[in-house]
Amino acid sequence: MKKYLYPANILIPKTDFEKWAVIACDQYTSDKKYWAQVEEKVGDSPSTLRLTLPEIYLGETDERIVKINSSMHKYLDEGVFETVTDSMVYIERELVGGAVRKGILGAIDLTEYEYEAGKKALTRATEQTVAERIPPRVKIRKDAPLEFPHVLVFIDDPEDTVIGSVNKEYLKKLYDFELMQNGGHIEGYKVETDLQDKINDALAGLVKDGFLFAVGDGNHSLATAKECYKLNGTESSRYALVEIVNIHNPAIEFEPIYRVLLGADKKDVIAYLKKRNADKVGEALHTFDISDKNGTEKLSLVPTSKLPVGTLQAYLDDYLKENPNVAIDYIHGTEEVERLCRDENAVGFIFDGMEKSELFSAVDQDGSLPRKTFSMGHADDKRFYIEGRRIK
């Protein structure tokens, strides 16, 4: 039988999950107070804080990589881990607002994953991968004996045939605890072989034109795993742990990320967009509210991408190349866009966000979405590091 999600020998701590689990490294990247509070809570206890590199510490990369690898070996030698053999993990994460995000942690085959736009693979990136962000991450992972994932991967399962088929009442509980720093509550259950087969049977029914998994969070980490596999080529490095979640789960919320140009003139920007779009032909239009301190104008453009943000971003990228003194910022919330646009020479763009049901078709059509297309919940809702796996 073809496998799409693979079991693994999963490592979890034997005790004190509350200090063990730490939020994804790419959150609170400028909030020193948040990470200082994490440091205080963890103290000298075993924790994934010692096994990952929060991006707030990127200026200390070389020193911290040595400590990370040393801590991994130390934890292995000291018997910190319990091994959950040949398993997947069913996960229920209660978010702060009360919604429950359900998922299944397992391994995907990196030979069936591509992060370059337009590549047709079973697992695909949803947003453009920034190549410059991969080498520093490779430096962290290439000599590490363990991996700990914060990657969330979407499946398009409107009937909830995969995750919805799991009944936790029949599974062995692995953990059940409160996540630190306003992270909510989480439970994890061991998924045995017979249920693994049912999960893969259900996944097989979701494959469309060779496409099954869309990376929702952590694509640069998964791209790093792919590059490290190319370097090592071992059987263990061929796979990477991820948590699959159903995009139709009510706890999954998409929020658009808007654009603001800093140091630009609205009239000049609108004239540029009209000129660049003038030779396009089409009936359906993408409409934008373009604002500055003097007010808001509507502009409609013939689509060059499936989503409004894709049509806009391609033009803005070219505009920025031609106007190097102009900068772009990516903004959450219309109120913040409006606030920024009260300043001199700030031009904001408001547009319709992407519906969850559009993601798979947009990725299939356009190859990948523009960077910063959508935000998936609040920072506190991001995945925490809990489960690990040996990769060396």
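So, here is what we can say about the structure in this document. (Residues numbered from 1 in each chain as written. Predicted model: local features only at pLDDT ≥ 70, side-chain atom pairs only at ≥ 80, totals over all residues. Heavy atoms only, no water.)

Compared with the 16 Å implied by 1.5 Å per residue over 12 residues, the 16 Å span of helix H7 (residues 266-277) between its first and last C-alpha is a close match. Looking only at H7, the buried set comprises Lys 266, Val 269, Ile 270, Tyr 272, Leu 273 and Asn 277. One face of H7 carries all of its buried residues, which in axial projection span an arc of 160°. Residues of H7 that are exposed and point more than 90 degrees away from the buried face comprise Lys 267, Lys 274 and Lys 275. Where the residues of H7 are buried, they touch strand S13 (254-262), strand S14 (286-292), strand S15 (295-301), helix H8 (308-322) and strand S17 (346-350). (Helix = DSSP H or I, 4+ residues; strand = E, 2+ residues; numbered from the N terminus. Expected span 1.5 Å × (residues − 1). Buried < 20%, exposed > 50% of the residue type's maximum accessible area, 1.4 Å probe, protein only. Arc of directions from axis to C-beta. Contact = heavy atoms within 4.5 Å.)

This next bit is on the packing of helix H4 (residues 134-141) against helix H6 (residues 219-232). When two helices pack together, their arrangement is captured by the angle between the axes and the distance separating the axes. Two numbers describe how H4 lies on H6: the axes approach to 9 Å, and their chain directions differ by 65°. Where H4 crosses over H6, the handedness of that crossing is right-handed. Counting all contacts with H4, which are made through Ile 134, Arg 137, Val 138 and Arg 141, the residues of H6 involved are His 220, Ala 223, Thr 224, Ala 225, Glu 227, Cys 228 and Leu 231. Here the contact of H4 with H6 is composed, by residue class, of six nonpolar, two polar and three charged. (Axes fitted to C-alpha atoms, helices over the stretch in contact; angles between N-to-C directions. Left-handed = near helix turned anticlockwise from the far one by under 90°. Nonpolar A, V, L, I, M, F, W, Y, C, P; charged D, E, K, R; others polar.)

A word on H4. The α-helix winds at 3.6 residues per turn, so residues separated by three or four positions along the chain end up facing the same way. Listed as buried for H4 are Ile 134, Arg 137, Val 138 and Arg 141. Down the axis of H4, the buried set is contained in an arc of 105°. They therefore lie on one face. In this structure, the buried side of H4 is in contact with strand S7 (146-147), H6 and strand S12 (239-246).

Here the focus is unusual backbone geometry. One can expect most non-glycine residues to show negative phi and most peptide bonds to be in trans. Even without glycine at this site, Asp 16 takes up a positive phi of about 55°. Along the chain, the position of Asp 16 falls in the loop between strand S1 (8-13) and helix H1 (17-20). Given a relative accessible area of 35%, Asp 16 falls into the partly exposed group. Non-glycine residue Asp 86 carries a positive phi angle of around 50°. Tracing the backbone shows Asp 86 in strand S3 (residues 81-94). Looking at Asp 86, the relative accessible area reads 40%, which means it is partly exposed.

Following the sequence through the fold, Gln 27 ends up in the loop between strand S2 (22-23) and helix H2 (32-42). Within polar-contact distance, the side chain of Gln 27 engages the side chain of Asp 26 at 3.2 Å. (Polar contact = N/O pair within 3.5 Å; in protein donor to acceptor, adjacent residues only side chain to side chain.)

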